[in-house]
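# Observations on the three-dimensional arrangement
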Amino acid sequence: MNAKVEAKTFRLDGLKWLLVALLVGGAVAGNSYYAEIPLLYRVLAIVALCLMAAFVAVQTEKGNAFWNLLREAQNEVRRVVWPSRQEATQTTLIVVVFVLLMAVILWALDSGLGWAASKIIG
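Criteria and thresholds
- Residues numbered from 1 in each chain as written.
- Predicted model: local features only at pLDDT ≥ 70, side-chain atom pairs only at ≥ 80, totals over all residues.
- Heavy atoms only, no water.
- Helix = DSSP H or I, 4+ residues; strand = E, 2+ residues; numbered from the N terminus.
- Rg over C-alpha atoms; globule rule 2.2 N^0.38 Å.
- Expected span 1.5 Å × (residues − 1).
- Polar contact = N/O pair within 3.5 Å; in protein donor to acceptor, adjacent residues only side chain to side chain.
- Salt bridge = Lys/Arg side-chain N within 4 Å of Asp/Glu carboxyl O.
- Buried < 20%, exposed > 50% of the residue type's maximum accessible area, 1.4 Å probe, protein only.
- Core = buried A, V, L, I, M, F, W, Y, C linked by side-chain atoms within 4.5 Å.
- Contact = heavy atoms within 4.5 Å.
- UniProt positions renumbered as here; feature names shortened; annotations may be inferred.
- Lys, Arg positive; Asp, Glu negative; His and termini not counted.

Turning to the overall build of the protein chain, a few remarks are in order. Broken down by element type, the protein chain carries 4 helices and 0 strands. Along its sequence from the N terminus, the protein chain presents helices and strands in the succession α-α-α-α. A globule of 122 residues ought to have a C-alpha radius of gyration of about 14 Å, yet the protein chain, at 29 Å, is considerably larger. Each of the three principal axes of the protein chain carries a C-alpha extent, and together these read 80 × 45 × 40 Å.

This part takes up helix H3 (residues 61-79). The first and last C-alpha atoms of H3 sit 27 Å apart over 19 residues, in line with the 27 Å expected at 1.5 Å per residue. Where H3 begins, the capping side chain belongs to Thr-60, and its oxygen is found 3.0 Å from the backbone nitrogen of Gly-63.

Taken as a whole and judged by the stated rule, the model has 1 salt bridge. The salt bridge involving Glu-76 is made with Arg-79; its shortest N-O contact spans 3.1 Å. Linking Glu-76 with Arg-79, this pair stays in helix H3, spanning 3 residues, or about one helical turn. Accessibility expressed as a relative area gives 42% for Glu-76, which makes it partly exposed. For Arg-79, a relative accessible area of 61% puts it in the exposed group.

Once that is clear, we can look at the nonpolar core. In terms of nonpolar packing, the biggest core is built from 5 residues, these being Val-20, Leu-23, Ala-53, Val-56 and Ala-57. Only helix H1 (2-33) and helix H2 (39-58) provide two or more residues apiece to this core. Here the element with the most residues in this core is H2; it accounts for 3 residues. Leave out the neighbours within four places in its chain, and Val-20 touches Ala-53, Val-56 and Ala-57.

What follows covers the UniProt feature "transmembrane region" (unreviewed entry) in the protein chain. Per the UniProt annotation, the sites labelled "transmembrane region" (unreviewed entry) are residues 39-58 and 88-109. Secondary structure across residues 39-58 comprises 100% helix and 0% strand; the distance between its end C-alpha atoms is 28 Å.

Attention shifts here to the side chain of Asp-13. Along the polypeptide, Asp-13 turns up in helix H1. One buried charged side chain, Asp-13, makes no salt bridge at all; its nearest oppositely charged neighbour is Lys-16, positioned 4.3 Å away. Among residues more than four places away in sequence, those in contact with Asp-13 are Gln-59, Thr-60 and Glu-61.

Rendered as structure tokens:
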């Protein structure tokens, strides 16, 4: 019995994804077909169709899993301990100084090797 329910859900998911594709395709085709309508109304219609498509997509197994992933990611972002402005500024300055120092070292190495190569080659 449980396998039948899963198989039925899978078939319905396919129909839901087909409906999502039709809604998005309808939005694209409608935008082209109704080109003479003012842009604001076309954008509002596209947004409405995309919201309907997103609602239908979330009703599928994969769409629901994606929605849960977004919610979990949002919770993780809330738990992050962000650096203070002073810490961010100090870290940025350390990185800039290190990059400039490495640039000078690589420039000196390149110039020295170029000079040595020109002396050897003649």
